[in-house]
Amino acid sequence: MTQRRQINWKRVQPHSLRHGSELCVRHASDRLNRSVEQVAEIMAEASHFTLYKWLESGRMPALKIRAFENACGADYMTQYLAHSAGYLLVKVPTGRQAKHRELNELSKFAHEVLGLLLEFYDSQEGLDEAVQAVTQLMEELAFQRGNIEKFKQPELL
């Protein structure tokens, strides 16, 4: 039996719309223990046969993307659409105080990104990986910026 590689869901970036849908399905399976049939049932507008067809062809109707992502608990298709159009995505900050562990992980990731940049500029290899990592870091830093701004008046969740 082959074992699937563990994914760091916070850092993974889709490289196509179809890859985004595959990541959503895998996230639903790994994190929420949901099958494609259960995702289709939650969507309530598509049979699992239709959902399989959309996943196979990579041609899901745009009106169904948010329902699909909500059922999967991940938004990788939306991420791909925004990034491919040159936009950054920043989750809405809540104003809650960041935990030390979160900030340590962010610092570690920033160092990894700087390493990727150095490697790219030295060898001109790893362009896509460097671009994705810099984009992810910018989004996480922008979230922290917004979180700091809202810190005095946090939202209730």
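Look up a bit, the structure's there.
Residues numbered from 1 in each chain as written. Predicted model: local features only at pLDDT ≥ 70, side-chain atom pairs only at ≥ 80, totals over all residues. Heavy atoms only, no water.

Asker: I'm lost on a nonpolar patch on the surface in this one. Help?
Answerer: On the surface, a nonpolar cluster with roughly 240 Å² of combined accessible area is contributed by Leu88, Val90 and Met138. With respect to the secondary-structure elements, Leu88 resides in the loop between helix H5 (76-84) and helix H6 (100-123). (Patch = residues over 30% accessible without salt bridge, like charges linked within 9 Å, V, L, I, M, F, W, Y side chains within 5 Å. Areas by Shrake-Rupley, 256 points an atom, 1.4 Å probe, with all protein chains shown as cover. Salt bridge = Lys/Arg side-chain N within 4 Å of Asp/Glu carboxyl O. Helix = DSSP H or I, 4+ residues; strand = E, 2+ residues; numbered from the N terminus.)

Asker: Teacher, can you tell me more about helix H4 (residues 62-72) here?
Answerer: An α-helical turn contains 3.6 residues, so any two residues separated by three or four positions project in the same direction. Buried within H4 we find Lys64, Ile65, Phe68, Glu69, Ala71 and Cys72. Along the long axis of H4, the arc covered by the buried residues comes to 155 degrees, so they all point the same way. In H4, the exposed positions angled more than 90 degrees off the buried face are occupied by Leu63 and Asn70. Each element contacted by the buried residues of H4 is listed here: helix H1 (17-32), helix H2 (36-43), helix H3 (48-57) and H5. Among the residues trailing H4, Gly73 stands out with phi positive, at a value near 75 degrees. (Buried < 20%, exposed > 50% of the residue type's maximum accessible area, 1.4 Å probe, protein only. Arc of directions from axis to C-beta. Contact = heavy atoms within 4.5 Å.)

Asker: What's the story with a negative patch on the surface in this structure? I'm lost.
Answerer: Taken together, Glu119, Asp122, Glu125 and Glu129 make up a surface patch of like negative charges. Mapped onto the elements, Asp122 comes out in helix H6. (Lys, Arg positive; Asp, Glu negative; His and termini not counted. Charge placed at Lys NZ, Arg CZ, Asp CG, Glu CD.)

Asker: I'm lost on empty space enclosed by the protein in this one. Help?
Answerer: Gaps between atoms show up when a probe of the same size as a water molecule is rolled over them. All told, the structure shown has one cavity of 30 Å³ or more when counted by the stated rule. Here the largest cavity is characterised by a volume of approximately 40 Å³. Taken together, Leu17, Arg18, Ser21, Trp54, Leu55, Gly58, Arg59, Met60 and Met77 form the lining of the largest cavity. Put simply, the parts of the chain that give the lining of the largest cavity at least two residues each are H1 and H3. Among the elements that make up the lining of the largest cavity, the one with the highest residue count is H1 (three residues). (1 Å grid on protein atoms, 1.4 Å probe; cavity = no way out; pocket = protein on both sides within 12 Å on 5 of 7 lines; lining within 4 Å. Points joined across faces, edges and corners; volume = space filled by probe spheres on them.)

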